[in-house]
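Analysis of the macromolecular model
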Amino acid sequence: MHLNDYMNKKFINLKLRPPLFYNWDTGIRFELGNPDENNELVYMDRVYQRSLSLFKSLHSLDDEIIIVANVHHAGEENILRRRKLKIFNHYIKFKEVLFRLQHKVIPYVFEDVYDIYDFETHRYTLRCKVSDVKYINLIKAICNQDMDIKPKIYHDIFFINITNDTIFHIYDSRGCDVIASEIDSIRELYKNYNDWVLDYDRVTIDKAFE
């Protein structure tokens, strides 16, 4: 199933861009990093632990997923075509899986938000199983994006689970969004990790699960 076909069936009218939580009715926003922690090692240890715990709880190794990377750049620059494998090749276990990687240029996904019209989004999609992915390394690299730690991935990476119809997105070390086509798909996640729900949005999230 192609990404667009899947999204049009399960996440109708959702633009695949952050913030997912504020653009979909069924979701949870979790806090990863402790804003009161000044020790970077302690701070990131919690970020990694929470992000990996949430990912493992939401995904089984046999689940079919689509990993989506949105890469934004000025439209006249085409150098990103040469970079497309570098986003994935360090985090996929088998070379043959990388042959499924697809690339498409679409209008800048934030065009209507920022009124910027000279950018475009290069969207890379890879359908695979969770077991094909070195997800521990990948998630840590995503969490590092706003820290002075390498390796890091700056781009928006979405894990679309087509087995349980959920989308998992770490926006930076502060937190992550989990949305679902049906609320029961994430009800256990809400119960098991309720203490990690971002307090700023807790009232809205609790109401959705009543």
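Shown above is the structure to which this text applies.
Reading guide: rules and limits
- Along each chain, residues carry numbers from 1 onward, in the same order as the chain's sequence is written.
- Two thresholds apply to this predicted model, a pLDDT of at least 70 for residue-level local features and 80 or more for giving and counting side-chain atom pairs, whereas whole-chain, interface and lining totals are computed over all residues.
- With hydrogens and water excluded, all non-hydrogen atoms of the structure serve as input to the side-chain values.
- In this scheme Phe, Tyr and Trp rings, the latter by its six-membered ring, pair at centre separations within 6.5 Å, and the angle between planes marks the pair as stacked below 30 degrees, edge-to-face above 60, and tilted otherwise.
- When a residue's accessible area, from a 1.4 Å probe over protein chains only, is under 20% of the maximum for its type it is buried; when over 50% it is exposed; and in between it is partly exposed.
- Comment: the charge-over-ring label is applied if NZ (Lys) or CZ (Arg) is within 6 Å of the ring centre and within 35 degrees of the ring normal.

1. What to know about the packing of aromatic side chains
Think of a pair of aromatic rings as described by two things: how far the centres are apart, and how the planes are tilted against each other in angle. Here the structure, examined in full by the defined rule, presents eleven aromatic pairs. An angle of 55 degrees between the planes, with centres 6.1 Å apart, marks the rings of F159 and F168 as tilted. The exposure class assigned to F168 is buried, which follows from its relative accessible area of 0%. Here Y193 and W196 contribute two aromatic rings whose centre-to-centre distance is 4.7 Å and whose plane-to-plane angle is 45 degrees, an arrangement assigned as tilted. A residue is classified by how much of its surface remains accessible, and Y193, at 15% relative accessible area, is buried. Here W196 falls in the buried class, since its relative accessible area comes to 14%. In this structure an aromatic cluster arises from ring pairing among F55, Y135, F159 and F168. Above the plane of the ring of Y48 lies K140, whose end atom (NZ or CZ) is 5.2 Å from the centre.

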